[in-house]
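These are the residues of each chain, in order.
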Amino acid sequence: MRLSPRTTQEIDSPMGATYALLADRAGERALLDLAQAAPQYPPPPEVIEHITKVAREANSAAYVPSPGLPRLREAFAADLSQAYRSVIGADQMVVTAGCNQAFCLVAQALTEPGDEVIEALPYYFNYDMWLRMNGVVPRYLEPGPDLVPTPAAAEALITPRTRAIVLVSPGNPSGVTIPPHVLAGFAAVAARHDIALIVDETYRSFRDTEGPAHDLFADPDWARTVVSLHSFSKDLAIPGYRVGAVVASPEVNREVMKLLDCVAICAPRIGQEAAWAGLTAAQQWRRARAAEVAEKRRWLETAMAERPGGFEILAVGGFFAWMRHPFTQRPTDEVTRELITRYDTVVIPGTAFLRDDRQMFRVSVGNLDQAGIADFAERLRLMGKDFQ
């Protein structure tokens, strides 16, 4: 049969390609898996207790209403209202099967083939894949010297075909948190050109401050421009339960629900029950896990302070560190292959998040303890020495 050229030409899963290399590794050391940004600890006890109880109830596996479980939407609206110090209603959100699905449904609702979407570099690879597979043309927004994109640079990329600007904050892969005043500038640009500002806030709980991530919801007209995407995977250690959310206008949410009905009917009930239990009974647990990840970021920065092997951190935040290797004459894909096969260390090459090679790679900081981080730095030091 004939497959669509949009999915077969130069569009592959970076995660799958990276993990496929494990078959070729030497296996001389314990594997350090710094690729997947999944929590290495179980969900809160309150979540486990609740979903165990729900699983035994009659109709526990039934469909839920298209926008999501009412009590989950109410709990999440209260959580967001407190976090952003603005009133956000349960009727302004749709629960989805993870944040990836949230983005795909929103992008499908806003675009058609030939349209353009501005993506801040480095982009999250699944979003870029989805746009290109659907015939949408990405326009890439270069970051500033501090890796924070600027509204002025985004405005310079807007054309009559532009439908949205996509930001991820804290960044995946960069970890960079976009300051509230910069996000406000992006919202102003989007409103001026009547396009959407899509902000993926998956890692909002893992910022270095407990203050609001932005003030966008304080604008009574925010829904005309802003689409906020969320995930419970990292907050509650439930990535496999697939539960996220779209926070947007009634018009956007109506189209999202049409598309959701076609691809999943609704987000899995067990994930929604887990998210509700976490939001209502595990707030202290959430804060403790975020503090642990912050401590791991500090450990990594300390371990990398002297640039072992010539490797250096350019940014760290949320779940990630964005790092540069020292081998200017070697392709990054080759360097990360060597890290996997010779040094038993799995990272994602920066070429998964960029359209060119800038000597970068992504490290998931949440996957190691302090001893593992020290071991990682030592392996980089050894690789730098071996390839001098």
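This is a predicted model, so every value here is computed, not measured. (Residues numbered from 1 in each chain as written. Predicted model: local features only at pLDDT ≥ 70, side-chain atom pairs only at ≥ 80, totals over all residues. Heavy atoms only, no water.)

1. A word on the packing of aromatic side chains
Working step 1: Scanning all chains against the criterion turns up 16 aromatic pairs.
Working step 2: Consider the rings of Tyr 203 and Phe 320, whose centres lie 5.3 Å apart with planes at 75°: the pair is edge-to-face. Of this pair, Tyr 203 sits in the loop between strand E6 (196–200) and strand E7 (226–231) while Phe 320 sits in strand E10 (residues 320–324), placing them 117 residues apart in sequence. Each member of the pair, Tyr 203 as well as Phe 320, carries the same accessibility label: buried.
Working step 3: Where Phe 311 meets Phe 327, the ring centres are 5.8 Å apart and the plane angle is 80°; that geometry is what we call edge-to-face. Highlighted residues: Phe 311 in the loop between helix H12 (283–303) and strand E9 (312–317) and Phe 327 in the loop between E10 and helix H13 (332–341), separated in sequence by 16 residues. (Phe/Tyr/Trp six-rings, centres within 6.5 Å; stacked < 30°, edge-to-face > 60°. Helix = DSSP H or I, 4+ residues; strand = E, 2+ residues; numbered from the N terminus. Buried < 20%, exposed > 50% of the residue type's maximum accessible area, 1.4 Å probe, protein only.)

2. Focus: the packing of H12 against helix H14 (residues 370–386)
Working step 1: Where H12 meets H14, the axes come as close as 9 Å, and the angle between the chain directions of the two elements is 30°. With respect to H14, the axis of H12 lies roughly parallel. Crossing of H12 over H14 shows right-handed handedness. Between H12 and H14, the residues in contact are Lys 296, Trp 299, Leu 300 and Ala 303 and Gln 370, Ile 373, Phe 376 and Ala 377, respectively.
Working step 2: By residue class, the composition of the contact of H12 with H14 is six nonpolar, one polar and one charged. (Axes fitted to C-alpha atoms, helices over the stretch in contact; angles between N-to-C directions. Parallel < 35°, antiparallel > 145°, perpendicular 65-115°, else oblique. Left-handed = near helix turned anticlockwise from the far one by under 90°. Contact = heavy atoms within 4.5 Å. Nonpolar A, V, L, I, M, F, W, Y, C, P; charged D, E, K, R; others polar.)

3. Remarks on the pattern of salt bridges
Working step 1: For the structure shown, the criterion picks out 25 salt bridges.
Working step 2: Its salt-bridge partner being Arg 163, residue Asp 115 comes within 3.5 Å of it at the nearest N-O pair. Taken together, the residues span a long stretch of sequence, with Asp 115 in the loop between helix H5 (99–110) and strand E3 (116–120) and Arg 163 in strand E5 (residues 162–168) at a distance of 48 residues.
Working step 3: A salt bridge links Arg 289 to Glu 292; the nearest nitrogen and oxygen atoms lie 2.7 Å apart. In this pair, Arg 289 and Glu 292 both sit in helix H12, three residues apart, roughly one turn of the helix.
Working step 4: Assessed through its relative accessible area of 33%, Glu 292 is described here as partly exposed.
Working step 5: Each of Asp 79, Arg 204, Asp 235 and Arg 286 takes part in salt bridges that share partners, so that together they form one network. (Salt bridge = Lys/Arg side-chain N within 4 Å of Asp/Glu carboxyl O.)

4. Some details on the sheet that holds E6
Working step 1: Strand order in this open sheet of seven strands is E2-E8-E7-E6-E5-E3-E4, and the pairing throughout is mixed. Each end of this open sheet is capped by a strand with a single partner; those strands are strand E2 (93–96) and strand E4 (137–141). Adjacent strand axes in the sheet meet at a mean angle of 20°, parallel and antiparallel pairs treated alike.
Working step 2: Sheet topology places E2 next to strand E8 (residues 244–247); four bridges connect them, and they run antiparallel. For Val 94, the partnering residue across the bridge sits in E8 and is Val 246.
Working step 3: The strands touched by helix H8 (residues 180–192) within the sheet are E4, E5 and E6, with E6 carrying the most contacts at an inclination of about 150°.
Working step 4: Here helix H10 (residues 250–263) sits on the sheet in contact with E2 and E8, set at roughly 20° to E2. (Pairing = 2+ DSSP bridges.)

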